[in-house]
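Coordinate inspection notes
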Amino acid sequence: MREVAIVAFAQSDHRPDTSDVSEVEMLMPVLRRVLDDVGLTAGEIGFTCSGSSDYLAGRAFSFTMALDGVGAWPPISESHVEMDGAWALHEAWTKLLTGEADTALVYSYGKSSPGDLREVLTRQLDPYYLAPLWPDSVSLAALQAQALIDAGETDERALAGVAHRSRTAAEANPHAQLSGSAAPGPLLDTPYLVRPLRRHDCPPIGDGAAAVVLAAGDTARGLCPRPAWIRGIDHRVEPHALGVRELTRSPSTRLAAERAGAFDAPVDTAELHAPFTSQEVLLRRELRLGADVRVNPSGGALAANPMMAAGLIRLGEAAAAIHRGGSDRALAHATSGPCLQQNLVAVLEGEPS
Amino acid sequence: MSKEPVAVVGVGQTQHTAARRDVSLAGLVREAALRALEDAELTWADIDAVVIGKAPDFFEGVMMPELYLADALGAVGKPLLRVHTAGSVGGSTALVAATQVAARIHRTVLTLAFEKQSESNAMWGLSLPVPFQQPLLAGAGGFFAPHVRAYMRRTGAPAGTGALVAYKDRRNALRNPYAHLHERGLTLEKVRSSPMLWDPIRYSETCPSSDGACAMVLTDRAGAARAPRPCAWMHGGAMRSEPTLFAGKDCVSPRAGRDCAADVYRQAGITDPRRQIDAVEMYVPFSWYEPMWLENLGFAAEGEGWKLVESGITELDGELPVNPSGGVLSTNPIGASGMIRFAEAALQVRGEAGEHQVEGARTALGHAYGGGSQFFAMWVVGDAPPTG
């Protein structure tokens, strides 16, 4: 199989409200930075793939405006997924494996600020039996968190510990929307948002964009001193109806990790797309991450959770850790849908220096 | 490393109609998927991954509906990818699925595209609100009519060419049991006297708004060897995109379309498309796009496309049959329309197109476009595996 690596990563500063810029204006500096990093132009890239959602933008074909910003002239080989950019990366990786392209630009973006995200995400649910009840994303995550507590997998103090650790780590992340945290004890004195979740258990709602460049073989070596080689990447989906899922388990994460080779050797770093503290507990177990693994040194989705980009950012952050020599083997995870319905796992490695 | 050859071993379509009130979204996609599996004599367990596509989620009012459809698509425990590239999406979706087989990531992939337009009003769904677009662009026809007028002015095409295309495609649709429109009493005169919607596009020269889905099973050489019926082999596939509007854009014959065709022909070893391609399933939502795309795709010299239409070459029994299925003018579940083109091209080279079979078709082109004539997806399929 052809070797493919992430050779560059860039992201915006994630903000609660970006009404001063359009999506394209939010995205373009990120594209510029990631392309400058490898010294390529949009026209020199072999394949371009993006991820975004019309429902966040509030208009049909919203990705066409972003494409205008990319500068697709002369015409480019390009595709788009209505998913988090992590899945756009998967499509681009597949394209590079065929040998039809040597480099790929992957980007994604989302602005949650124009709408009420909790309400908007209810439109993602089964339109006949679930969406008419308007169960919002925090309430659904609270059901899962309560199931985990009831099963003895965690408790509210442990969840506060996840929040504290993540947002303290985010102090070193200049792009984070939320950083710094009170100690777990005082966090538990705050009121519930949706029991058993308190505000600190939930991700910030905000806007942001991210981009990576992929390259194959020697092209990757020429573009990046220490490429983050994709040793495996896989994604799986679970049933949609919460009633037929065991919410304290994530079989799709486990299977994707197995297929990606995550259990073949230990990882030193993991970037998990766990928007809610309780989901980190669940993912750690399914991914068999020991206490010695650095989990979400970026602060993770609890520090910045731009819809459609937060998963790609996990891959980008894991790759960046390898680029700078801070990791030799890292796991990156992305999720989509209510209560971790769909999950992607990638294993990245740097060559011994 | 050479790519794995990709074969189409199963094709399934729903009954397309204005409103499939008898099925849910899940029921609609399942109908197409089951027919594709049945055609391939496979079961859900034989499918390694699912790639689904559709146009804007606003058409049904469900955000990222593939999450809800995971069960109906038999995707639980499998990879599920959702493509959205505007009107070309049906074609792009098939190409993304084909890439997974070509890259040897998966051996057998179910790919499906759908739209259930009766859930909303597609014309107004395509009319973007201010500030995204200037007002008074009512639907896709309002966007494309000026491009058609530019084509007429540029080539001197007579005003009646469009009606010939519409009359041909609607008659072809009478041979296709899945087509939405079956206008048995249609005459050329009726097309020419139908109400003018967006000058010069008349009512009968416009695609309908349909509910429908289309599915294909794509597989590798080993899968093809087990196929119960003839396969269609992919000989080339490509996507090209360009910006919506910019100074110097050729809206009549966009460069992205020409580049995309050139790439696909190069892969398939086609140097003279007019002679080497036996049947074309072309994305023609408004009649005039047939002569326009004939030029863009290299079947006619610049300015000559309308002459090919007038000469009858693109009729079902002509030298270069275009849209033997009745095309988008007879069936248009937008997200699925591109995949129907790809699937109908496959049916032609498999010899499985029934009443609208082009005699002896061995090489066929499937074509889709979308957005502001800016997204293109195409494939060439043949009755024999690619050589080399």
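Below is a short write-up of the structure. (Residues numbered from 1 in each chain as written. Chains lettered and ligands numbered in written order. Predicted model: local features only at pLDDT ≥ 70, side-chain atom pairs only at ≥ 80, totals over all residues.)

A separate point is the overall build of chain B. Within chain B, the secondary structure is distributed over 14 helices and 11 strands. In terms of principal-axis extent, the alpha carbons of chain B reach across some 55 × 45 × 45 Å. (Helix = DSSP H or I, 4+ residues; strand = E, 2+ residues; numbered from the N terminus.)

A tally of regular secondary structure across chain A gives 12 helices and 12 strands. A compact globule built from 353 residues would reach a C-alpha radius of gyration of about 20 Å, and chain A, at 19 Å, matches this within 12%. Across its three principal axes, chain A shows a C-alpha extent of roughly 55 × 45 × 35 Å. Counting all 353 residues of chain A, 63% fall into the buried class. Pairs at least 24 residues apart make up 79% of the contacts formed inside chain A by residues separated by at least 6 positions. (Rg over C-alpha atoms; globule rule 2.2 N^0.38 Å. Buried ≥ 20, exposed ≤ 12 C-beta atoms within 10 Å, placed from the backbone. Contact = placed C-beta atoms within 7 Å.)

Turning to the interface of chain A and chain B, a few remarks are in order. Contact with chain A, which involves 46 residues of that partner, is made by 49 residues of chain B. For the side of chain A that touches chain B, the secondary structure elements donating two or more residues are α2 (54–57), α3 (63–70), β3 (78–81), α4 (85–97) and β8 (228–237) of chain A. When residues of the side of chain A that touches chain B are assigned to their parent elements, the largest contribution, 5 residues, is made by α4(A). Class assignment for the residues of the side of chain A that touches chain B results in 19 nonpolar, 14 polar and 13 charged. (Nonpolar A, V, L, I, M, F, W, Y, C, P; charged D, E, K, R; others polar.)

For the rest of this paragraph, the subject is the packing of helix α6 (residues 137–150) of chain A against helix α11 (residues 277–286) of chain A. Residue and element names in this part refer to chain A. Between α6 and α11, whose axes approach to 9 Å, the crossing angle comes to 55 degrees. Viewed along their axes, α6 and α11 adopt a mutual orientation that is oblique. In this structure, α6 crosses over α11, and the sense of that crossing is left-handed. Between α6 and α11, the residues in contact are Ala141, Gln144, Ala145 and Leu148 and Ser278, Val281 and Leu282, respectively. Its residues placed into classes, the contact of α6 with α11 shows 5 nonpolar, 2 polar and no charged. (Axes fitted to C-alpha atoms, helices over the stretch in contact; angles between N-to-C directions. Parallel < 35°, antiparallel > 145°, perpendicular 65-115°, else oblique. Left-handed = near helix turned anticlockwise from the far one by under 90°.)

In this structure, Val106(A), Val212(A) and Leu214(A) are the most contacted members of the largest nonpolar core, which totals 252 residues. Among the elements that line this core, the one with the most residues is helix α14 (residues 334–350) of chain B, at 10 residues. What Leu214(A) contacts, discounting residues up to four positions off in sequence, is Val4(A), Ala5(A), Ile6(A), Val7(A), Ala92(A), Trp93(A), Leu96(A), Thr103(A), Ala104(A) and Val106(A). (Core = buried A, V, L, I, M, F, W, Y, C linked by C-beta atoms within 7 Å.)

Here we take up the packing of helix α3 (residues 89–102) of chain B against α14(B). Residues and elements named next belong to chain B. Put simply, α3 and α14 touch, their axes get as near as 5 Å, and they point 60 degrees apart. Of the possible angle classes, the one that applies to α3 and α14 is oblique. Between α3 and α14, the contacting residues are Val89, Gly90, Gly91, Thr93 and Ala94 on the first element and Gly335, Ala336, Ser337, Gly338, Met339, Ile340, Arg341 and Phe342 on the second. For the contact of α3 with α14, the class distribution of residues is 6 nonpolar, 6 polar and 1 charged.

Moving on to the pairing of strand β10 (residues 363–370) of chain B. Residues and elements named next belong to chain B. Extensive coverage of β10 is indicated by the burial of 8 of its 8 residues. Of the two faces of β10, the one holding Thr363, Leu365, His367 and Tyr369 and the one holding Ala364, Gly366, Ala368 and Gly370 are both buried throughout. Here strand β9 (residues 279–281) pairs with β10 via 3 bridges, running parallel. In the sheet register, Ala279 faces β10, and the bridge partner there is Ala364. Here β10 runs beside strand β11 (residues 375–382); their pairing, made up of 8 bridges, is antiparallel. (Pairing = 2+ DSSP bridges.)

Turning next to helix α7 (residues 156–169) of chain A. Residues and elements named next belong to chain A. Under the 1.5 Å per step criterion, the end-to-end length of α7 is 20 Å for 14 residues, consistent within 8% with the ideal 20 Å. When α7 is considered as a whole, its buried residues turn out to be Glu156, Leu159, Ala160, Val162, Ala163, His164, Ser166, Arg167 and Ala169. Elements that come into contact with the buried residues of α7 comprise α8 (184–187) and α11. (Expected span 1.5 Å × (residues − 1).)

This paragraph deals with the environment of Arg154(B). All names here are of chain B. With respect to the helices and strands, the residue Arg154 is situated in helix α5 (residues 139–155). Overall, the presence of 14 C-beta atoms within 10 Å leaves Arg154 in the partly exposed class. Taking the C-alpha atoms as reference points, Arg154 and Leu347, 193 residues apart in sequence, are found 36 Å from one another. With residues up to four places along the chain from it excluded, the contact list for Arg154 reads Val252 and Gly303.

A few words on the environment of Ala158(A). Residue and element names in this part refer to chain A. Tracing the chain through its elements places Ala158 in helix α7. We classify Ala158 as partly exposed; it has 16 C-beta atoms within 10 Å. Counting along the chain gives 120 residues from Ala158 to Ser278, while the straight-line C-alpha distance between them is 8.9 Å.

In this section: the pairing of strand β2 (residues 47–51) of chain A. Each regular strand displays side chains that alternate between the two surfaces of the sheet. Residues and elements named next belong to chain A. The buried count for β2 comes to 5 of 5 residues, which makes it a mostly enclosed element. With burial as the criterion, each face of β2 is covered, one bearing Phe47, Cys49 and Gly51 and the other bearing Thr48 and Ser50. Note that β2 and strand β4 (residues 103–111) share 5 bridges and pair parallel. Directly across from Phe47, in β4, lies its bridge partner Ala104. In terms of strand pairing, β2 meets β3 through 4 bridges, oriented parallel. Within β3, the position partnered with Cys49 by the bridge is Ser79.

Turning our eyes to something else, we now look at unusual backbone geometry. A cis geometry characterises the amide bond from Trp73(A) onward to Pro74(A), with omega recorded as -5 degrees. Here Pro74(A) is to be found in the loop between α3 and β3. Residues Asp199(B) and Pro200(B) are joined by a peptide bond in cis, for which omega reads 10 degrees. Mapping Pro200(B) onto the fold places it in the loop between β5 (196–198) and β6 (201–202). Here the phi dihedral of Arg288(A) falls at roughly 50 degrees; this positive angle occurs in a residue that is not glycine. Mapped onto the fold, Arg288(A) is located in the loop between α11 and β10 (294–295). Judged by local crowding, Arg288(A) falls into the partly exposed class, with 13 C-beta atoms found within 10 Å.

The values reported here are purely geometric and, on their own, carry no functional implication.
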